[in-house]
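The residues making up each chain are set out below.
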Amino acid sequence: DTAVSQTPKYLVTQMGNDKSIKCEQNLGHDTMYWYKQDSKKFLKIMFSYNNKELIINETVPNRFSPKSPDKAHLNLHINSLELGDSAVYFCASSQDQQRMDEQYFGPGTRLTVT
Amino acid sequence: EDQVTQSPEALRLQEGESSSLNCSYTVSGLRGLFWYRQDPGKGPEFLFTLYSAGEEKEKERLKATLTKKESFLHITAPKPEDSATYLCAGTSGGSYIPTFGRGTSLIVHP
């Protein structure tokens, strides 16, 4: 039983395209996150939602738009993809905002923009 | 600006050779310092959270400690299955946004 799942695992696309990554958690957590991990393994938070409401938006280009249809799902849509968007994107969840330290991460989506 | 710096970047040990990983931080009003383990091709896995200087936590061969300026992850008698990248992160009191270090890649040879 996967706690935090992401689809797809790999995504190869061309510059200028629009793509989405889906995330689901079955832990009953209230808070979900999107992270970007670059080629140097640096993990940086992009967004966080708590009970479907955006609580963290870390200076991410507005080409990135998260959507949370319910508290178990947090999807990431990316418009007009650029070469610099190539990275591994991780979804994560925590019980609530106050337990942000103990996050459960998904397996990651490796995005390659050519 | 909050910063978390980990050293060394990479560490190779023989099985049974104990060592420590360092995480130094400049986070204003540190709320919590946490450690994660990341295996290749997988998402990080939570290990520990430390909240105050002097605090220690243990899990199997790992022990995390915290001072006012840095945290150490001590690995006692490591095994090959301890090979992974270990990430350190901190959150400040005024924000829940975690700042991650770049990690230490640990390889334990049998």
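For the structure, see preceding data.
Residues numbered from 1 in each chain as written. Chains lettered and ligands numbered in written order. Predicted model: local features only at pLDDT ≥ 70, side-chain atom pairs only at ≥ 80, totals over all residues. Heavy atoms only, no water.

Engineer: Talk me through the interface of chain A and chain B; I want residue IDs and the actual numbers.
Structural biologist: Counting residues at the interface gives 20 residues for chain A and 18 residues for chain B. Summed over both sides, the interface of chain A with chain B buries roughly 1700 Å², with 56% coming from carbon and sulfur. Applying the counting rule to chain A against chain B returns zero salt bridges. The tally of links between chain A and chain B comes to two residue pairs in polar contact (both at pLDDT 80 or more). (Contact = heavy atoms within 4.5 Å. Buried area = accessible area lost by both parts, 1.4 Å probe. Salt bridge = Lys/Arg side-chain N within 4 Å of Asp/Glu carboxyl O. Polar contact = N/O pair within 3.5 Å; in protein donor to acceptor, adjacent residues only side chain to side chain.)

Engineer: Break down the sheet that holds strand 7 (residues 64-70) of chain A for me, citing the residues and quoting the values.
Structural biologist: Residues and elements named next belong to chain A. Strand order in this open sheet of four strands is 1-3-8-7, and the pairing throughout is antiparallel. Here the strands that pair on one side only, and so sit at the sheet edges, are strand 1 (4-7) and strand 7. Sheet twist, expressed as the mean angle between neighbouring strand axes with direction ignored, is 20°. Where strand 3 (residues 19-25) and strand 8 (residues 73-78) come together, four bridges link them in antiparallel fashion. Its bridge partner lying in strand 8, Glu24 is registered against His73. (Pairing = 2+ DSSP bridges. Helix = DSSP H or I, 4+ residues; strand = E, 2+ residues; numbered from the N terminus. Axes fitted to C-alpha atoms, helices over the stretch in contact; angles between N-to-C directions.)

Engineer: Any chance you could break down the state of the cysteines for me, citing the residues and the numbers?
Structural biologist: This model, assessed by the stated rule, comprises two disulfides over all chains. Disulfide pairing is shown between Cys23 of chain A and Cys91 of chain A; the S-S distance is 1.8 Å. Handedness here is read from the sign of the S-S torsion; for Cys23 of chain A and Cys91 of chain A, about -75°, the answer is left-handed. Note that Cys23 of chain A is positioned in strand 3 and Cys91 of chain A in strand 9 (residues 87-94), a separation of 68 residues in sequence. Here Cys23 of chain A falls in the buried class, since its relative accessible area comes to 1%. Looking at Cys91 of chain A, the relative accessible area reads 0%, which means it is buried. Across the disulfide from Cys23 of chain B sits Cys88 of chain B; the S-S distance is 1.9 Å. Taking the sign of the torsion about the S-S bond as the criterion, the disulfide between Cys23 of chain B and Cys88 of chain B, at about -60°, is left-handed. (Disulfide = S-S within 2.5 Å. Buried < 20%, exposed > 50% of the residue type's maximum accessible area, 1.4 Å probe, protein only.)

Engineer: So what's going on with the nonpolar core? Residues and values would help.
Structural biologist: Among the nonpolar cores identified, the biggest contains 22 residues, and Trp35, Leu73 and Tyr86 of chain B are the most heavily contacted of them. Formed by 20 residues, the second largest nonpolar core is a distinct cluster that contains Ile21, Cys23, Val60 and Leu74 of chain A. (Core = buried A, V, L, I, M, F, W, Y, C linked by side-chain atoms within 4.5 Å.)

Engineer: Go over the layout of surface pockets, please, and point to the residues and values.
Structural biologist: Taken as a whole, the largest pocket spans an internal volume of roughly 600 Å³. What lines the largest pocket is a set of 26 residues, among which Phe42 of chain A together with Val4, Thr99, Phe100 and Gly101 of chain B lie closest to the centre. Of all the secondary structure elements, the ones that give two or more residues to the lining of the largest pocket are strand 5 (43-50) of chain A together with strand 1 (3-7), strand 9 (84-92), strand 10 (98-100) and strand 11 (104-109) of chain B. Partitioned by chemical class, the residues of the lining of the largest pocket number seven nonpolar, 11 polar and eight charged. In this structure, the second largest pocket spans a volume of roughly 440 Å³. Looking at the second largest pocket, it is lined by 25 residues, and the ones nearest its centre are Gln37, Lys41, Val88 and Arg110 of chain A together with Gly41 of chain B. Top contributing element to the lining of the second largest pocket by residue count: strand 11 (residues 109-113) of chain A, with four residues. Classifying every residue of the lining of the second largest pocket by side-chain character gives nine nonpolar, nine polar and seven charged. (1 Å grid on protein atoms, 1.4 Å probe; cavity = no way out; pocket = protein on both sides within 12 Å on 5 of 7 lines; lining within 4 Å. Points joined across faces, edges and corners; volume = space filled by probe spheres on them. Nonpolar A, V, L, I, M, F, W, Y, C, P; charged D, E, K, R; others polar.)

Engineer: Describe the sheet that holds strand 7 (residues 62-66) of chain B, naming the residues involved and giving the relevant values.
Structural biologist: Residue and element names in this part refer to chain B. Overall, antiparallel pairing links the five strands, which are arranged 1-3-8-7-6 in an open sheet. One side of each edge strand has no neighbouring strand; the edge strands of this open sheet are strand 1 and strand 6 (56-59). Here the strands of the sheet are splayed against their neighbours by 15° on average, with no regard to which way each runs. As paired elements, strand 3 (residues 19-26) and strand 8 (residues 70-75) share six bridges and run antiparallel to each other. Paired with Ser19 across the strands is Ile75, a residue of strand 8.

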